[in-house]
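Working through the structure, step by step
Chain residues, written in single-letter form:
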Amino acid sequence: AEGRCGNFILVKVFRMMNWRLLRNPYFLMLAAGNAVVFVSSLTYLPQLRNICSDKGLNLAQTANVITILATTEMIGRPFWGFLGDSALLKRITSTPKKFLYTMAGLGCSVGFVALTFTSDFLSVAIVVPCISVCGSCMMVNSALIFAEAFGKDLPSALGLSNLFRGVI
């Protein structure tokens, strides 16, 4: 039975995983932060239409907010890798990717709170892209931080981080 069971891909992956990462507080904090942002984004994006409706926005305004959000994502996401490697940011901090990740996490938190206080099209059209920019910054920089911090254990770190996302 052991020989047959050992041939399953999931069993092989399970055996290759570096489970000791679960004892690393830095890994746990990073994985939990990624999972919270991912789950928050998954729950808020599909509800954006309802959020806009609750704020009194009509269908055209809601479509404009979604267009602004999509445009912000397309333009903003590639920008974060370049910014994390910029010489200017490296003059400000010795850990630019961690700095961006932390600032973006704070930005997401502030943005989600601010969204509850928005009341018109303009405020929603400003807050929603800000949340998107911060969320995409966290997603881009989290993988880069995992690569810097966990080098040889990167596949395990990313796999366990995705496991956190799935559980949460």
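Our subject is the structure that appears above.
Note that this is a predicted model, so its numbers are computed, not measured.

Let us now look at the overall build of the protein. Of the regular secondary structure elements, the protein holds nine helices and zero strands. On the principal axes, the C-alpha backbone points of the protein span a range of 60 × 45 × 25 Å. Here the protein holds 168 residues, and the buried ones make up 35% of them. The contacts of the protein with a sequence gap of at least 6 include a subset with a gap of at least 24, amounting to 73%. Carbon together with sulfur atoms contributes 70% to the accessible area of the protein, which is approximately 10000 Å² in total.

The next thing to look at is the packing of helix α3 (residues 25–44) against helix α9 (residues 154–167). Helix packing geometry: the angle between the two helix axes and the distance between the axes. Following both chains from N to C, one finds α3 and α9 inclined at 45°, their axes separated by 8 Å at the closest point. Between α3 and α9, the angle is such that the two are oblique. Note that α3 runs across α9; the crossing there is right-handed. Across from Phe27, Leu28, Ala31, Ala32, Asn34, Ala35, Phe38 and Val39 in α3, the residues of α9 making contact are Ala157, Leu160, Ser161, Phe164 and Arg165. Taken together, the residues of the contact of α3 with α9 sort by class into 10 nonpolar, two polar and one charged.

Take the layout of surface pockets next. Considering only enclosed or pocket space, the largest pocket measures out at about 220 Å³ in volume. Along the wall of the largest pocket there are 15 residues; nearest its centre are Ser41, Leu45, Glu73, Arg77 and Gly135. Approximately 180 Å³ is the volume attributed to the second largest pocket. As for the second largest pocket, its lining consists of Tyr26, Met29, Leu30, Gly33, Lys98, Tyr101, Thr102, Gly105, Leu106 and Ile145. Going through the elements one at a time, α3 and α7 (96–117) are the ones with two or more residues in the lining of the second largest pocket. Ranked by residues supplied to the lining of the second largest pocket, first place goes to α7 with five residues. Residue classes in the lining of the second largest pocket are distributed as six nonpolar, three polar and one charged.

Take the pattern of salt bridges next. Once the charged atoms of two side chains with opposite charge are near each other, the side chains can pair. Using the criterion set out here, one finds three salt bridges in the structure. Measuring nitrogen to oxygen at the nearest pair gives 3.7 Å for the salt bridge that ties Lys97 to Glu148. Of the two residues, Lys97 sits in helix α7 while Glu148 sits in helix α8 (residues 121–150), which places them 51 residues apart along the sequence. Asp153 serves as the salt-bridge partner of Lys152, at 3.6 Å between the closest nitrogen and oxygen.

Rules used in this analysis
Per-chain numbering applies: the sequence of each chain, read as written, is numbered from 1 onward. Residues qualify for local features only when their pLDDT is at least 70, as the model is predicted, and side-chain atom pairs are given and counted only at 80 or more; totals for whole chains, interfaces and linings, by contrast, use all residues. Water and hydrogen atoms play no part in the side-chain values, which are based on all heavy atoms of the structure. Only DSSP runs of H or I with at least four residues qualify as helices, and only runs of E with at least two residues qualify as strands; both kinds are numbered from the N terminus onward. Each residue's exposure class comes from its accessible area (1.4 Å probe, protein chains only) as a fraction of the maximum for that residue type: buried when under 20%, exposed when over 50%, partly exposed otherwise. Note on definitions: a residue-residue contact is assigned when non-hydrogen atoms from the two residues lie within 4.5 Å. Only the protein chains shown count as cover for residues, and all accessible areas are computed by the Shrake-Rupley method using a 1.4 Å probe. Each axis is a line fitted through C-alpha atoms, and for a helix only the stretch in contact is used; angles between axes span 0 to 180 degrees, taken between their N-to-C directions. Between 65 and 115 degrees an angle is taken as roughly perpendicular, under 35 as roughly parallel, over 145 as roughly antiparallel, and anywhere else as oblique. Crossing handedness: left-handed means the near helix sits turned counterclockwise from the far one by under a right angle, and right-handed means the same turn made clockwise. When residues are grouped by polarity, Ala, Val, Leu, Ile, Met, Phe, Trp, Tyr, Cys and Pro land in nonpolar, Asp, Glu, Lys and Arg in charged, and all others, Gly among them, in polar. The pocket and cavity definitions rest on a 1 Å grid over protein atoms only: a 1.4 Å probe that fits but cannot leave marks a cavity, an open set with protein on both sides within 12 Å along at least five of seven lines marks a pocket, and residues lining either have an atom within 4 Å of a point. Grid points are joined across faces, edges and corners, and a volume is the space filled by probe spheres set on the points. Salt bridge criterion: a side-chain nitrogen from Lys or Arg within 4 Å of a carboxyl oxygen from Asp or Glu.

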